[in-house]
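Take a look at the letters that make up each chain.
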Amino acid sequence: MYISVPSSVTSTLIRKPETGMGYQILDIGQKRNDVSFVLVENAEVVTAAWSVEQESPIIRLSARKASVYPSEEQRIQKALATGDFRVIDRPAAVHLSLATKSRSAGSSLGPASDALSEMSSRLEKFLRFSAYKNDRRILLDGSVLPETYVTTHEDGETVRTGMEAVRRYALPSPMPAVHKFYLRPPDPIRVRRGVVAPANNQPGGGIEAIFIEGSSAGTRFDYKELPSGE
Amino acid sequence: MQITLDSKWTDYLLTQPESGMGYQRVRIRLKNGQAVIGGIVFNAEILRVPEGPPVFSQNDIASIELEPSAQAGASC
């Protein structure tokens, strides 16, 4: 699906918060069995949509659609043209994906564990926060074990203290995650990406990724200790 | 209650997926047959379980299983 967003709408969207990194979810009016939510990337193109399958007692959405019927496309374009939409914030988007009956495996709104695997970019950087300086999933040779959680460099660089990391990545440990490991797989690796759901009495909301098969020696390239923030 | 796990459990847990960044949600099976749910292992070495019975030590552990959404457990 590739529905261009009118430039006037783009101007509006870039002044509004993102739902996630690089995208916004718009509510174009909830209507049962009709397209009701759309994914807009870079404030300029609609690339996915969801219909409402059930309105009460909880909203239940369809799987993410990569294509829509012409009538549905018209509905989307009309909503954009008339400004009849609102941007969904991250907590609401996470809530909706939790209520999704059959969440698309490619959804970027749910946890990483539910996402499709994809290849990381060449020399893409990641970060891992830990309460342990001897984080056992990062080995002495700098390799990372399979099925290890990390975050993206962009997301992690916003974190200034160990307690911020606890909140953002919904960590259950009461100890601040002050140990910040810089990771850069030497070659592209398979990862899953998603958004941290609220858990452990923490809000989550950060970006998380999983190194599905781990990463080879030399992945860890730097380290920093953060203030605790307690 | 907190227990520092033996290396045999740590080595096993490092072969298993994390539940999140730096932790694994686990269920403990004791040698007397009791199960302890709601455990969390940090850094594959520090086990924390909710306060309350049963109280147990390292030597009482028969197996550690990851939460159902993760993988099968191991026994030693």
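Everything below is about the structure shown above.
In this report, the structure presented in the accompanying data block is examined. Here the residue numbering is sequential within each chain, running from 1 through the sequence in written order. Going through the entries in the order they are written, you letter the chains from A and number the ligands from 1. Two thresholds apply to this predicted model, a pLDDT of at least 70 for residue-level local features and 80 or more for giving and counting side-chain atom pairs, whereas whole-chain, interface and lining totals are computed over all residues. Neither water nor hydrogens contribute to the side-chain values; these are computed over all heavy atoms in the structure.

This brings us to the environment of A:Phe85. Residues and elements named next belong to chain A. In this fold, Phe85 is placed in the loop between helix H2 (70–82) and strand S6 (86–88). Throughout this description, buried means an accessible area under 20% of the type-specific maximum (1.4 Å probe, protein chains only), exposed means over 50%, and partly exposed covers the range between. A relative accessible area of 15% places Phe85 in the buried class. For the pair Phe85 and Ile25, spaced 60 residues apart in sequence, the C-alpha separation works out to 9.8 Å. What makes two residues a contact is simply this: any of their non-hydrogen atoms within 4.5 Å. When sequence neighbours within four positions are dropped, the list of residues in contact with Phe85 reads Val9, Leu13, Leu26, Asp27, Ile28, Ala79 and Leu80. Helix and strand assignments follow DSSP, with helices taken as H or I runs no shorter than four residues and strands as E runs no shorter than two, numbered in order from the N terminus.

A word on the pattern of salt bridges. Any Lys or Arg side-chain nitrogen found within 4 Å of a carboxyl oxygen on Asp or Glu counts as a salt bridge. Inspection of every chain in the model, using the stated rule, returns 13 salt bridges over all chains. Close ionic contact of A:Arg128 with B:Glu18 constitutes a salt bridge, the shortest N to O distance being 2.8 Å. In this pair, A:Arg128 sits in strand S8 (residues 126–130) while B:Glu18 sits in the loop between helix H1 (7–13) and strand S2 (23–30), so the two residues belong to two different chains. The same class applies to A:Arg128 and to B:Glu18, which are both buried. With a shortest N-O distance of 2.9 Å, A:Arg190 and A:Glu213 are connected by a salt bridge. Separated by 23 residues along the polypeptide, A:Arg190 in strand S11 (residues 190–195) and A:Glu213 in the loop between strand S12 (207–211) and strand S13 (220–225) bring together distant segments of the chain. In this structure, a network of salt bridges that share partners links the residues A:Arg128, A:Asp135, A:Arg137 and B:Glu18.

Before going further, it helps to examine the pairing of strand S3 (residues 35–42) of chain B. Residue and element names in this part refer to chain B. Two strands form a pair only when DSSP identifies at least two bridges running between them. Taken together, the 6 bridges between S2 and S3 define a ladder with antiparallel strand orientation. Looking across to S3, one finds that Arg25 is bridged to Ile40. The turn joining S2 and S3, which pair antiparallel and follow one another in sequence, is formed by 4 residues; a positive phi near 95° is taken by Gly33. Taken together, the 3 bridges between S3 and strand S4 (residues 46–48) define a ladder with antiparallel strand orientation. Bridging across to S4, Ile40 finds its partner in Arg48. What sits between S3 and S4 in their antiparallel hairpin is a turn of 3 residues, with Asn43 showing a positive phi close to 55°.

Residue and element names in this part refer to chain A. The rule is short: rings of Phe, Tyr and Trp, with Trp giving its six-membered ring, pair when the centres are within 6.5 Å, and they are stacked under 30 degrees, edge-to-face over 60, tilted in between. Taken as a whole and assessed by the stated rule, the structure comprises 4 aromatic pairs over all chains. When the ring of Phe126 is compared with that of Phe211, the centres are 5.0 Å apart and the planes differ by 85°; the resulting orientation is edge-to-face. Here Phe126, found in strand S8, pairs with Phe211, found in strand S12; they are 85 residues apart in sequence, far enough to count as distant. For the pair Phe126 and Phe211, one class covers both residues: buried. Judged by centre distance (5.4 Å) and plane angle (50°), the rings of Phe181 and Tyr223 are tilted. Here Tyr223 lies in strand S13 and Phe181 lies in strand S10 (residues 179–183), a separation of 42 residues in the sequence. On the basis of relative accessible area, Phe181 is assigned to the buried category, the value being 1%.

Right, let's talk about the sheet that holds S13(A) for a bit. Residue and element names in this part refer to chain A. A sheet is described by the order of its strands in space; here 7 strands give the open sequence S7-S11-S12-S9-S8-S10-S13, paired in antiparallel fashion. In this open sheet, the two strands that pair with only one neighbour each are strand S7 (118–119) and S13. Pairing analysis gives 5 bridges linking S11 to S12, with the strands arranged antiparallel. Each residue of the ladder has a partner; that of Gly194, found in S12, is Glu208.

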